[in-house]
Amino acid sequence: VERFTRVDVSQVRLPRTAPCVHEALTQREALFIESFEPLLGAVLSPRASMMLRAILQLTGLPGCIMAPLLAGSAELGVLLVWSHVLTREQVPFIESFAHQLTAVLGQIELRSQMQQQMQRLNSLATTAQAVTTLGSLGDVLNVVCMQAQELLGAEFARIAAPSGEPTMLKYIVSTGLEVGTLFDMPIPIDNSISGGVFRSGQGRMIE
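Criteria and cut-off values
Residues numbered from 1 in each chain as written. Predicted model: local features only at pLDDT ≥ 70, side-chain atom pairs only at ≥ 80, totals over all residues. Heavy atoms only, no water. Phe/Tyr/Trp six-rings, centres within 6.5 Å; stacked < 30°, edge-to-face > 60°. Lys NZ or Arg CZ within 6 Å of the ring centre and 35° of its normal. Helix = DSSP H or I, 4+ residues; strand = E, 2+ residues; numbered from the N terminus. Contact = heavy atoms within 4.5 Å. Pairing = 2+ DSSP bridges. Core = buried A, V, L, I, M, F, W, Y, C linked by side-chain atoms within 4.5 Å. Buried < 20%, exposed > 50% of the residue type's maximum accessible area, 1.4 Å probe, protein only.

K.L.:
What exactly am I supposed to notice about the packing of aromatic side chains here?
P.N.:
Aromatic rings considered in pairs are described by the distance between their centres and by the relative angle of their planes. Going through the model one piece at a time under the given rule, you end up with zero aromatic pairs. The ring of F156 carries R158 above its face, with NZ or CZ at 3.8 Å from the centroid. The ring of Y171 has R158 lying over it, and the distance from NZ or CZ to the ring centre is 5.9 Å.

Below you can see the structure in the form of structure tokens.
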């Protein structure tokens, strides 16, 4: 199918509002799909959709079962199974398999959250040790930057502070990319993102 339609199936995205997907998530149960041609039309280009329909007509339309992956009120996705041997009688089996898959996904998410929590605790411990053992403020702030960069998987971390001029900030610590090219760069407090954060005392996330 991929060779004839030139569609990379791994790159196809299924919107929640797409036909079949919407019905399975809204009804919160596995459904036997009589025809998933509307789904093809919603997620593929007209040319790819037309070619895939022609291929399916030649090979025989397969059965299709779509089961929601639900963890309480959270929607983790949908399980889509299609085959020439699928029938309505197999809907309960696919639904049971979807429940098992949801449980596995939940365990993976829980493990990831626990790992992130351990990383945060280790980072706090490292920073606390730096505060109590390192001699200079610069050394402590450098540890803070390195921990922030490692914890967030960032390319760099920087700390800007007031300079000798009342309207300017300057970088006093930087880790990661372009470490040596920033310390002479003036940052205007009134016309910069860093200055806005400095004055408001509130963090910002920018695109």
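Text resumes after the structure shown.
K.L.:
What is the right way to look at the side chain of Q147 in this model?
P.N.:
Relative to the helices and strands, Q147 resides in helix α6 (residues 137-152). Discounting chain neighbours no more than four positions away, the residues touching Q147 are S123, T126 and T127.

K.L.:
Which parts of the structure should I look at to understand the pairing of strand β4 (residues 156-162)?
P.N.:
By the bridge criterion, seven bridges tie β4 to strand β5 (residues 168-176) in an arrangement that is antiparallel. The residue bridging F156 from the neighbouring strand is G176, located in β5.

K.L.:
Teacher, can you tell me more about the nonpolar core here?
P.N.:
Within soluble globular proteins, side chains that are nonpolar tend to cluster in buried spots. In this structure, C20, V21, I33, F36, L39, L40 and M66 are the most contacted members of the largest nonpolar core, which totals 17 residues. Mapped onto this core, the elements with two or more residues apiece are α2 (21-27), β1 (31-33), α3 (37-43), α4 (46-59) and β2 (63-71). Residue contacts for M66: discarding those within four places in its chain leaves C20, V21, A24, E29, A30, L31, I33, L39, V78, L79 and L80. In this structure, A67, L79, L86 and A98 belong to the second largest nonpolar core, which totals 10 residues.

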